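Next come the chains, spelled out residue by residue.
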Amino acid sequence: MLDLLGNLQRTHSCGSLREEHVGQTVVLMGWVARKRDFGVFTFIDLRDREGITQIVVSEDFAPEAHTKAKQARSEYVIAVKGEVVARSPETVNQKIPTGKIEVLAKEILILNDSKPLPFELEKVGSQNLASEELRLKYRYLDLRRPQLQRNLMMRAQAIKKIREYMDSLGFIEIETPILLKSTPEGARDFIVPSRIYRGKFFALPQSPQILKQICMIAGFDKYYQIARCFRDEDLRADRQPEFTQLDVEMSFVNQEMVYSVIEGVFRSVFRLIDVELPEKFPRMTYNEAIERFGTDKPDLRFSMELKDLTESFKTAENIASSPFASALQNGGMVKAITVKGKADYSRKQLDELQEFVKRYGASGLTWIKFLEETQSPLAKFFSPEKLTEFAEKAEAEKGDIVLIVAGKKSVVLPALGALRIEIAKRENLIDKNTYKPVLITEFPMFEYNEESGQYEPAHHPFTSPMDEDLEFFRRAVEKDERELLGKVRAKAYDAVINGYECAGGSIRIHQREIQELNFKAIGLSPEVAKERFGFFLEALEYGAPPHGGFAAGIERICMILCGTENIRDVMAFPKTSSTQDLMMDSPGKVDESQLDELGIRIISD
């Protein structure tokens, strides 16, 4: 029979007792993490979210408690009343903070029992890692693991730090609605049917973008919110359909003023792990980032930058007969990365790297091993002297290997950028105790879609063009000179840390005329723009101040703070990669009566 708690109260957590508590009578409560039975003595490791304390139960000292200890099994919930005693020097456990003491039990209550667990908590994280699907199905058990509990406590501390910092700058925390109008911002909306207005729908917010801009029009000056957001899109390791972000907006600001707040937020949060980020983050334009690193999210913890060999190959003899001829004739490029000291890569390793870049659309990968006698598949087209020249152009030294990709810019840059990261992981080039932030600026306002032959918006439609590019923007839209859209830069920026986009934002359009031009540029007719955004266009006519802001992903930040690459490790109840909640078995069906109330009929495929 299970015991009742009654009026017994916990005095300490399982991670708080130290040598100064020796001699005190304490009450601990938690879960049996481990039990070791030695006849007249039974040892229990008692665990709660703060840590573990060893409990000693003696048959001679407390026979009734010893009987209870014998009954206890893994993950039973128990309460222990006893005296804190010092461990003998030879039994001190240096691996845990409570390792110099133990509690000699006088009384034990078994408050609840537990079925055998579907997986062993202690083995999760080792080579015997339970499958993620199994752990998500029993998430309440997975969350008992100390690592996940530390992650979620770190998340709570990070949000607390953010609030403290924003409050210190005079920002006002304002909650915005969850039920909104569907105004697609790039991803698909989650829509919610209205029972009262049959045939009409709310949408869950992808972000509070329009509402925070309206807060600026309303005169609040400085707004922030820890906002829940929803996007019905395909998932990745660092994405979920619902997520949390720090949402910020400010009036009467330029980019540098926003950057200062971004930098301050991250400096404040990273002090939680004793990391002092620079007062001013390095700046890098979008074009510089993709040319040097193949991505607008560069990981600066290691070098291995992309080197442009296009001109070197263009002017080389025999280029017409080389594998790069077609790429160069069609306006493509040749770029390379140099891997230091790896001229000994085997054929098998090079074949693996070739298959890797093909995943990103590259037709292949070639190489130059810079040795005393230069080796390369290109040797049949170019002399050893020319190959040496190519290698030196890629800043290779003897013993290095140069990896080369040729083709369209839209293929070469992301393929080499991904290869750069892949090699860094394989060769352990990344110092995981280093944190390198960078602000990426001057993003393109529009991106060219090679399949459609059209320029498409690169950001949400409220992003302002750079002042210097406003003339191009007007001409592109008003005179239908669409090719000029490729020259328009946005007042958009991202904060990147260790290759993760942790925050992104922009200066917004605050004049109706420019906002209408942008709607037209992205293909919205005046009628559609009015139907979707008429209320906002009207609001811009009532003294909208210049304003801008950013949003920072709480989960992305916490991934870095906690040293994990899986966003699910910093969320209490995440979805799977197929957007399912295995614990609650959702999404699920609803009663026909509910559908009838909403005027909804399910059509089978």
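Scroll up to find the structure this text is about.
The text that follows walks through the structure, step by step, so that each part is easy to find. Computed from a prediction, not measured in an experiment: that's the story for all the values here.

1. Brief notes about the overall build of the protein
- Secondary structure assignment for the protein yields 17 helices and 21 strands.
- Across its three principal axes, the protein shows a C-alpha extent of roughly 90 × 75 × 55 Å.
- Within the protein, the fraction of its 605 residues that count as buried is 49%.
- Of the contacts made within the protein by residues no fewer than 6 positions apart, 69% connect residues no fewer than 24 positions apart.

2. Some remarks on the pattern of salt bridges
- If you walk through the whole model with that rule in mind, you get 48 salt bridges.
- Between Asp-45 and Arg-36 there is a salt bridge, and its shortest N-O distance comes to 3.4 Å.
- Among the residues examined, Asp-45 registers a relative accessible area of 14% and is labelled buried.
- Here Arg-508 ties to Glu-249 by a salt bridge, and the two come within 2.8 Å at their closest N and O atoms. Of this pair, Arg-508 sits in the loop between β20 (500–507) and α14 (512–521) while Glu-249 sits in strand β10 (residues 242–251), and the two are 259 residues apart along the sequence. For the residue pair Arg-508 and Glu-249, the accessibility class agrees, reading buried in each case.
- In the salt-bridge network here, residues are joined through shared partners; they are Arg-135, Arg-139, Asp-142 and Arg-145.

3. Quick notes on the sheet that holds strand β12 (residues 307–308)
- Read from one edge to the other, the open sheet built from 4 strands follows the order β12-β13-β15-β14, with strand pairing classed as antiparallel. Only two strands of the sheet have a single neighbouring strand rather than two, namely β12 and β14 (366–370).
- Seen against the sheet, helix α10 (residues 347–358) touches β14 and β15 (400–407) and runs at an angle of roughly 30° to β15.

4. Quick notes on the packing of aromatic side chains
- The final tally for this structure, using the stated rule, is 17 aromatic pairs.
- Between Tyr-138 and Tyr-140, the ring centres sit 6.2 Å apart and the planes meet at 80°, which makes this aromatic pair edge-to-face.
- Taken together, the ring pairs in this structure connect Phe-313, Phe-324, Phe-382 and Phe-390 into an aromatic cluster.
- Lying across the ring of Phe-302, Arg-420 places its NZ or CZ 3.9 Å from the centre.

5. Overview of a negative patch on the surface
- Residues Asp-591, Glu-592, Asp-596 and Glu-597 make up a contiguous surface patch of negative charge.
- Note that Asp-591 resides in the loop between α16 (554–562) and α17 (592–598).

6. Focus: the layout of surface pockets
- In this structure, the second largest pocket encloses a volume near 850 Å³.
- Together, 32 residues line the second largest pocket, and Ala-33, Arg-47, Ile-52, Glu-122 and Pro-146 are the ones closest to its centre.
- Elements represented by at least two residues in the lining of the second largest pocket include exactly β1 (25–38), β2 (41–48), β3 (51–58) and α4 (146–168).
- Take the lining of the second largest pocket: its biggest share by element is 5 residues, from α4.

What counts as what
Residues numbered from 1 in each chain as written. Predicted model: local features only at pLDDT ≥ 70, side-chain atom pairs only at ≥ 80, totals over all residues. Heavy atoms only, no water. Helix = DSSP H or I, 4+ residues; strand = E, 2+ residues; numbered from the N terminus. Buried < 20%, exposed > 50% of the residue type's maximum accessible area, 1.4 Å probe, protein only. Contact = heavy atoms within 4.5 Å. Salt bridge = Lys/Arg side-chain N within 4 Å of Asp/Glu carboxyl O. Pairing = 2+ DSSP bridges. Axes fitted to C-alpha atoms, helices over the stretch in contact; angles between N-to-C directions. Phe/Tyr/Trp six-rings, centres within 6.5 Å; stacked < 30°, edge-to-face > 60°. Lys NZ or Arg CZ within 6 Å of the ring centre and 35° of its normal. Patch = residues over 30% accessible without salt bridge, like charges linked within 9 Å, V, L, I, M, F, W, Y side chains within 5 Å. Areas by Shrake-Rupley, 256 points an atom, 1.4 Å probe, with all protein chains shown as cover. Lys, Arg positive; Asp, Glu negative; His and termini not counted. Charge placed at Lys NZ, Arg CZ, Asp CG, Glu CD. 1 Å grid on protein atoms, 1.4 Å probe; cavity = no way out; pocket = protein on both sides within 12 Å on 5 of 7 lines; lining within 4 Å. Points joined across faces, edges and corners; volume = space filled by probe spheres on them.

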